[in-house]
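Chains, contacts and geometry: an overview
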Amino acid sequence: MPSAIYERLHEHIFEIHIIDTHEHIPDEAVAIGRKKSLFSFFEHYVSSDLVSAGMPRESLETMRDETNSLSLADRWDLMAPYWPYARTTGYGRAFTGYMHDLFGIVDINEDSYQELSARIASAQRPGWHREVLRDRARIDKAIVTTWPGEPVRSDRGLLLSSPIFDHYATVSTRAELQALEKEAGQSIQTLPQLMQAQEAGLDRMVKGGAVAVKIFLAYQRPLLFEPVEQAQASRVFDRIWLSQPRDLKFEDVKPLQDFMTRRLVGLAAERGLPIQIHTGMQEGNGNHLTNARPTLLTNLFLDFPDARFDVFHAGYPYWRETAVLAKYFANVYADLAWLHAISPRAAATILDEWLEIIPSNKILGVGGDSNYVEGAYGHTQTARRITCDVLAAKVETGGLSIDEAQWLATRILRENAIEALRLNV
Ligand SMILES: [Zn+2]
């Protein structure tokens, strides 16, 4: 039986209009234009658990490719040997949970996958995104990441844009330079021209409605960005321009990457644009976890006191590092985005401990990090429930009044993000 305290808090928390700090949702026209079934939802997350459970990558690709002629039964047969092992993870449970809520199918099994797929397909109609995000998930604004080269997508209403802008730093071949020239609409034959193109590109994105900039480099290199003289970065640029990349290793291009990334941070700070950074566990299978340690960013936090950093994914499993960084630095915010799908239990433990370590205005408590509105809905529901569990326990043990718990919930799920990211809502 939930206590009266829990019920009061629950009622309050499920009314909050969430500011969701991180999603990957495509435009509705794109999403509903695709053929959809249960198996379209294996672009990320549960798919990684199927692979780590032993599913061959080729089988996964065949199963989730909706353009091939496989029947639903063929797809199910590919997944069935591994699903029992993946369904119990945070990803599996989140997935089963939102499928149940949105499509009314209690369990995903060989008796239900056909009907569930039919219901998913028939839900894909204009208005579905708004219905799920606004009406069901009660999301006021969601910050959506766009990939390098993609136009900034922002309806300035529900979805706000946070472009990944790393490709000006990671350019490492002549062909990539030429692609950048095309994107930037200018010649890039020297480092100063690359710098100019980076700045102009950032300004175009701000003009187009970007509210933040995202650094995604922890997927491919360590997050330590050391100070580099322009002359040294210039020498790397020249080697790339002269088409010497065949013998360029990471150590060779690192000075240019460091220089350009630090410059991006400086430019973002000048424009009042927060910097969202992937830290901690990388999505997918097989990566260097230690590349993504939040403490590798310490020199950026020190060297750019005017920049505001939104440190993603709690830096999981280095979430205590994130806690101390957000405690040390006024310009560092600790963000729980994605954690509720990785492990609701971990999210609860982290939020509980963070509330003791970090001033509460520095905690950003919800980001669905999903490629689908359905996932965004599911993950924000879990975030509400976990926030409720953690705060109710603090009230019940006398650590908080119910009024303060309600106020904290609104801060964590909404107002901190508005303040930290300077959103105009
Ligand atoms: Zn993400």
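Numbering of residues starts from 1 in every chain and runs along the sequence as written. Selection of residues for local features in this predicted model requires a pLDDT of at least 70, selection of side-chain atom pairs for listing and counting requires 80 or more, and totals for whole chains, interfaces and linings are taken over all residues.

A few words now on the domain arrangement of the chain. The domain limits used here are those given by an automatic or database domain assignment. Considered domain by domain, the chain is made up of domain 1 (37-123) and domain 2 (128-170 + 182-224 + 267-420). Tallying the contact residues gives 14 residues for domain 1 and 17 residues for domain 2. When its residues are assigned to classes, the side of domain 1 that touches domain 2 shows eight nonpolar, five polar and one charged. We call two residues in contact if the C-beta atoms placed from their backbones are at most 7 Å apart. Amino acids are sorted into nonpolar (Ala, Val, Leu, Ile, Met, Phe, Trp, Tyr, Cys and Pro), charged (Asp, Glu, Lys and Arg) and polar (every other residue, Gly among them).

The next subject is the sheet that holds strand S1 (residues 18-23). Pairing between two strands is assigned when DSSP locates at least 2 bridges connecting them. Here a strand is any run of E in DSSP of at least two residues, a helix any run of H or I of at least four, and the numbering for each starts at the N terminus. Reading across the sheet, the three strands line up as S1-S2-S3 and stay open at both edges, with parallel pairing between neighbours. Two strands close off the open sheet at either side, each with one partner strand: S1 and strand S3 (159-163). Each strand of the sheet is rotated relative to its neighbour by a mean of 20 degrees, with strand direction disregarded. Angles run from 0 to 180 degrees between N-to-C directions of axes, and those axes are lines fitted to C-alpha atoms, restricted for helices to the stretch in contact.

On to the nonpolar core, then. Here a nonpolar core is just a set of buried residues of the types Ala, Val, Leu, Ile, Met, Phe, Trp, Tyr and Cys, joined wherever their C-beta atoms sit within 7 Å. Labels follow a simple rule on C-beta atoms placed from the backbone: if 20 or more others lie within 10 Å of a residue's own, it is buried; if 12 or fewer, it is exposed; otherwise it is partly exposed. The biggest cluster of nonpolar side chains holds 129 residues, and the ones touching the most others in it are Ile275, Ala334, Leu336 and Leu391. Two domains share this core, each providing at least three of its residues, namely domain 1 (37-123) and domain 2 (128-170 + 182-224 + 267-420). Not counting residues up to four positions away in its chain, the partners in contact with Leu336 are Ala314, Ala347, Ile350, Leu351, Leu364, Gly365, Val366 and Gly367.

Time to look at the sheet that holds strand S8 (residues 363-364). Strand order in this open sheet of five strands is S4-S5-S6-S7-S8, and the pairing throughout is parallel. The open sheet terminates on both sides in strands that have one partner only, identified here as strand S4 (213-215) and S8. Two elements, S4 and strand S5 (residues 275-277), share three bridges in a ladder whose sense is parallel. Bridge pairing in S5 links Lys214 to Gln276. Strands strand S6 (309-311) and strand S7 (332-335) of the sheet are contacted by helix H16 (residues 319-328), whose axis makes an angle of about 150 degrees with S7.

With six of six residues buried, S1 lies mostly within the body of the structure. Direction of pairing for S1 relative to strand S2 (residues 139-146): parallel, over a ladder of four bridges. Residue pairing in the sheet places Glu23 in a bridge with Val144 of S2.

Its location among the elements puts Leu302 in helix H15 (residues 298-303). Judged by the 11 C-beta atoms lying within 10 Å of it, Leu302 falls in the exposed class.

Remark: helix H18 (residues 344-357) packs on helix H19 (residues 373-396), axes separated minimally by 9 Å, with the N-to-C direction vectors making an angle of 45 degrees. If you check the angle between H18 and H19, you find them oblique. Classified by chirality, the crossing of H19 by H18 is right-handed. Contacts from Pro344, Ala347, Ala348, Leu351 and Asp352 of H18 reach H19 at Thr382, Ile386, Thr387, Asp389 and Val390. Looking at side-chain class alone, the contact of H18 with H19 contains six nonpolar, two polar and two charged residues. Should an angle lie under 35 degrees it is considered roughly parallel, over 145 roughly antiparallel, and from 65 to 115 roughly perpendicular; all remaining angles are considered oblique. Crossings are sorted by hand: turned counterclockwise from the far helix by less than a right angle, the near helix makes the crossing left-handed, and turned clockwise it makes it right-handed.

The next point concerns unusual backbone geometry. Geometrically, the link from Tyr316 to Pro317 is a cis peptide bond, its omega value of 5 degrees lying close to zero. Turning to its location among the elements, Pro317 is positioned in the loop between S6 and H16. Notably, Ala314 is not glycine yet its phi reads approximately 55 degrees, a positive angle. Here Ala314 shows up in the loop between S6 and H16. By C-beta crowding, Ala314 is classed as buried, having 30 other C-beta atoms within 10 Å. Its identity as a non-glycine residue notwithstanding, Trp338 has a phi of 80 degrees, on the positive side. Looking at the element boundaries, Trp338 is found in the loop between S7 and helix H17 (339-342). We classify Trp338 as buried; it has 25 C-beta atoms within 10 Å.

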